[in-house]
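Now for the letters of each chain:
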Amino acid sequence: MKIDLHTHSNRSDGTDSPAELIQSAKAAGLDVVAITDHDSTEGWQEAGWAADRIGITLVRGIEISTKLDGKSIHLLGYAFDPQHEPLVTELRKIIDGRNSRLPATLERLRSLGIDIVADDVRARSANAAAMGRPHVADALVDLGVVKNRDEAFERFLTPGKPAYVDRYAVDLPTAIGLVKAAGGKTVLAHLWSRGSHRVLTPDRIGALADAGLDGLEVDHFDHSTQDRAELGQIARELGLVPTGSSDHHGTGKIGFPLGGNTTDPEQYRRLFDL
Ligand code: AMP
Ligand code: ZN
Ligand code: FE
Ligand code: FE
């Protein structure tokens, strides 16, 4: 049984529609796939129809933009009530924050002599819940300024680079509480990528486990072999579920193929109380 618990559709910054994503998951030999768009559940319905038609188990999920000590941390939420009012309100704030940041980002780029307007970004995010940095990156590719998203982030869009603008994100323990209150499960996504190991220390992870955290995404392409061994050990000691997933973004992220990392079936059953 092949299980991939973290993928993106074009409802956020992936390039496949939810139905195409499910189709590709089946073609990649997966038995279970989670759709986890950034801060949005918009893809659930279409993905659900496709999964029923194609014959694959869909896990309805999300990847929430949170912050801990000012550092950006991504939280995976699964199988929660998408109508739960306090959670919906928080997700709306994040989406609004992402959209309202765009003018400032474009202003920064203009001051660097790069002329992109909101419609250029909108053209690359037509199906998405919000216009994020990956869509700005796509507009930079269209203009021939960079050759791909990675280069756009590297030169302009990550913290410390000239076109980076901060935006709203929910406090991490609050986000865990909201997903739990909505009846769902929570897993820290790629928790040691991009310098996050300095914030998510074993002690911190222990406190989050006490606050209701269910699992750690141990097997992720951003983690080295040593990271995975250490995180596996931490998960064991804290009684957290270790997961593995691709974080597939279609053609939006090179080197993250569907099923490239997978979750052990026993851990999957443990996470969802099956
Ligand atoms: P936003 O939420 O608009 O700030 O954009 C965040 C998204 O951009 C993340 O979820 C990633 O998919 C992508 N991203 C963040 N940092 C990088 C990076 N260094 N290289 C490529 N993609 C990135
Ligand atoms: Zn993404
Ligand atoms: Fe992420
Ligand atoms: Fe992701």
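Note that this is a predicted model, so its numbers are computed, not measured.

### Considerations on the domain arrangement of the chain
If you check the domain split of the chain, you get domain 1 (3-94 + 167-271) and domain 2 (102-157). Centre-to-centre separation of domain 1 and domain 2, based on C-alpha positions: 25 Å. Contacts between the two partners involve 8 residues from domain 1, matched on the other side by 7 residues from domain 2. Here domain 1 and domain 2 share an interface that buries about 680 Å² over both sides, 43% of which is from carbon and sulfur atoms. Considering only the side of domain 1, the residues that lose the most area to domain 2 are Asn10, Arg11 and Asp13, jointly responsible for 47% of the buried surface there.

### Considerations on the pattern of salt bridges
Tallying each qualifying case throughout the model produces 18 salt bridges. The partner of Asp142 in a salt bridge is Arg124, and the shortest N-O contact between them spans 2.7 Å. You can see Asp142 sitting in helix α5 (residues 133-142) and its partner Arg124 sitting in the loop between α4 (118-123) and α5, a full 18 residues away along the chain. The partner of Lys147 in a salt bridge is Glu151, and the shortest N-O contact between them spans 3.6 Å. Several salt bridges converge on common partners, so that one network encompasses Arg124, Asp138, Asp142 and Arg149.

### As for the site of ligand 1
Around ligand 1, 14 residues are found, and the nearest of them are His38, Arg98, Arg101, Arg133 and Arg167. With respect to ligand 1, the side chain of Arg133 contributes an N or O atom lying 2.7 Å from an oxygen atom. Considered on its own, ligand 1 offers 500 Å² of accessible surface; in the complex 88% of this is hidden by protein. Given that more than half its atoms are within 2 Å of the pocket grid, ligand 1 belongs to the largest pocket. Mapped by element, the contributors of at least two residues to the shell around ligand 1 are α3 (85-111), α5 and α6 (149-157).

### Observations regarding the coordination of the zinc ion (ligand 2)
For the zinc ion (ligand 2), the protein coordination sphere consists of Asp13 (OD), Asp13 (OD), His38 (NE2) and His249 (NE2), at 2.0 to 2.7 Å. Spacing between the donor residues of the zinc ion (ligand 2) along the chain follows D-x24-H-x210-H.

### Side note on the packing of aromatic side chains
A full pass over the atoms with the stated rule returns 4 aromatic pairs. Aromatic pair Phe221 and Phe256: ring centres 5.4 Å apart, planes at 80°, arrangement edge-to-face. Of this pair, Phe221 sits in the loop between β7 (215-219) and α9 (225-238) while Phe256 sits in the loop between β8 (241-244) and α10 (265-271); the two residues are 35 residues apart in sequence, bridging distant segments of the chain. On the basis of relative accessibility, which here comes to 12%, the residue Phe256 falls in the buried class. The rings of Tyr78, Tyr268 and Phe272 are connected pair by pair, giving a single aromatic cluster.

Analysis parameters
Residues numbered from 1 in each chain as written. Chains lettered and ligands numbered in written order. Predicted model: local features only at pLDDT ≥ 70, side-chain atom pairs only at ≥ 80, totals over all residues. Heavy atoms only, no water. Domains from an automatic or database assignment. Contact = heavy atoms within 4.5 Å. Buried area = accessible area lost by both parts, 1.4 Å probe. Salt bridge = Lys/Arg side-chain N within 4 Å of Asp/Glu carboxyl O. Helix = DSSP H or I, 4+ residues; strand = E, 2+ residues; numbered from the N terminus. Near = heavy atom within 4 Å. Polar contact = N/O pair within 3.5 Å; in protein donor to acceptor, adjacent residues only side chain to side chain. Areas by Shrake-Rupley, 256 points an atom, 1.4 Å probe, with all protein chains shown as cover. 1 Å grid on protein atoms, 1.4 Å probe; cavity = no way out; pocket = protein on both sides within 12 Å on 5 of 7 lines; lining within 4 Å. Sits in = over half its atoms within 2 Å of the grid points. Donors = N, O, S within 2.8 Å, 3.2 Å for Na, K, Ca; no water. Phe/Tyr/Trp six-rings, centres within 6.5 Å; stacked < 30°, edge-to-face > 60°. Buried < 20%, exposed > 50% of the residue type's maximum accessible area, 1.4 Å probe, protein only.

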